[in-house]
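Residue-level structural notes
Next come the chains, spelled out residue by residue.
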Amino acid sequence: MSTTPQHHQEQTVDDSTRLATVDDHATLGTVREHQGPDIWCEDLVRIYSTEGVEVQALQGLNLVVDPGDVVALVGASGSGKSTLLGILSGLDRPTGGRARVAGVDLLSMSRAQRVDYQRHTVGFVWQQTSRNLLPFLSAAENVALPTVISGRRERARRVEDLLDLLGLGDCADRRPTELSGGQQQRVAIATALANSPAVLLADEPTGELDDTASAQVLEVMREAAGSLGTTVLVVTHDPTVSDHVRRTVAIRDGRTSTEVLRYVVTDESGEQRRVAREYTVIDRAGRIQLPQAHVEELGLRDRVRLEHESTHVQVWPDDEEHRTGAGRAVDTQEDDDD
Ligand SMILES: Nc1ncnc2c1ncn2[C@@H]1O[C@H](COP(=O)(O)OP(=O)(O)O)[C@@H](O)[C@H]1O
Ligand SMILES: [Mg+2]
């Protein structure tokens, strides 16, 4: 299948708006003790059974995310995004398949391991601002809470550093009701990062915010994760995220379908520009899913014709004319297979 590169012209990010980085706060960064990817799912299945009705929310999902990567997860409502995040966060168990996060096997975890996993390995941010924070605690107290529970040392310093990192230096003593929606979500991100998790999971964290606040929260989240070395999987409809993260994965009917990778290339004139390229997942059996837009545009259905070139495979609509020709070639044994 040929992929169509799309070229995006992009302005460079203004460095003066950069937030504090991990160099300023050496105690904050993520420490990994495992090798390999931070998120690894193979043929993940989740079936919900309610009153005899089965819903296959995940139908053999494959996903690999490397340490430190920031990945946007997009997909229609009901495609299984929240189900996936629920499993990766340790709140829910898959029905089948395999999943490992930061080296922890999510299917064989004991109850005690699960508690430890939720405290130390993953951080979670929900869409509902009210669900992320305790209303009677200040921003600083909310951020401190996970570190109190896990008995971390140098708590006050750490809380201060995290609030600083998320641009909330002057909000420490305010309660959630005294903060804007965007500020509340930034406190929620700081709280989720409090115990230096390897992975930050966020399910539509800006779903209740306006465009400006939304863009700001996502930018700050990316910056913070980047400087801490945290891997991020964020469910979002916001095009400003998918345009700015290196990798956007689309999920369809409980499976990862296509993804877009963005990178910087230097052209002949030495000029740097960002390039976005579309990919599709290929599973162990060699199955791939074509983007819906290509399928509709080319009227692909039932079966498609493949042409194997030396470096790639072409996918063609199944036109009958060609099929008749191919049939004759077989009949007369004129097999000029190259
Ligand atoms: N607790 C549940 N019980 C039964 N069905 C559920 C439950 N949670 C989600 N589903 C179903 O699973 C599918 C995927 O849902 P979800 O993961 O919430 O999708 P998304 O977050 O992409 O909108 C949907 O068909 C949804 O109705
Ligand atoms: Mg959802």
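A few points on the structure. (Residues numbered from 1 in each chain as written. Chains lettered and ligands numbered in written order. Predicted model: local features only at pLDDT ≥ 70, side-chain atom pairs only at ≥ 80, totals over all residues.)

Moving on, we get to unusual backbone geometry. The phi dihedral of Glu 51 is positive, around 50°, even though this residue is not glycine. If you trace the backbone, Glu 51 turns up in the loop between strand E2 (39-50) and strand E3 (53-65). Notably, Ser 196 is not glycine yet its phi reads approximately 50°, a positive angle. Mapped onto the secondary structure, Ser 196 falls in the loop between helix H6 (181-192) and strand E8 (199-203). (Helix = DSSP H or I, 4+ residues; strand = E, 2+ residues; numbered from the N terminus.)

The local shell around ligand 1 consists of Tyr 48, Thr 50, Val 55, Ala 57, Gly 75, Ser 77, Gly 78, Ser 79, Gly 80, Lys 81, Ser 82 and Thr 83. Every element with two or more residues in the shell around ligand 1 is listed here: E2, E3 and helix H1 (81-88). Per-element accounting of the shell around ligand 1 gives the leading share, three residues, to H1. Each residue belonging to the shell around ligand 1 can be placed in one class, and the counts come to three nonpolar, eight polar and one charged. (Near = placed C-beta within 6 Å. Nonpolar A, V, L, I, M, F, W, Y, C, P; charged D, E, K, R; others polar.)

Next up on the list: the packing of H6 against helix H7 (residues 211-228). One way to put it is that H6 packs onto H7 with a least axis distance of 9 Å and a crossing angle of 20°. By the criterion of interaxial angle, the relationship of H6 to H7 is roughly parallel. The hand of the H6/H7 crossing is right-handed. Between H6 and H7, the contacting residues are Gly 181, Gly 182, Gln 185, Arg 186 and Ile 189 on the first element and Ala 213, Gln 216, Val 217, Val 220, Met 221 and Ala 224 on the second. Within the contact of H6 with H7, the residues separate by chemical class into six nonpolar, four polar and one charged. (Axes fitted to C-alpha atoms, helices over the stretch in contact; angles between N-to-C directions. Parallel < 35°, antiparallel > 145°, perpendicular 65-115°, else oblique. Left-handed = near helix turned anticlockwise from the far one by under 90°. Contact = placed C-beta atoms within 7 Å.)

What is shown is where atoms sit, not what they do.
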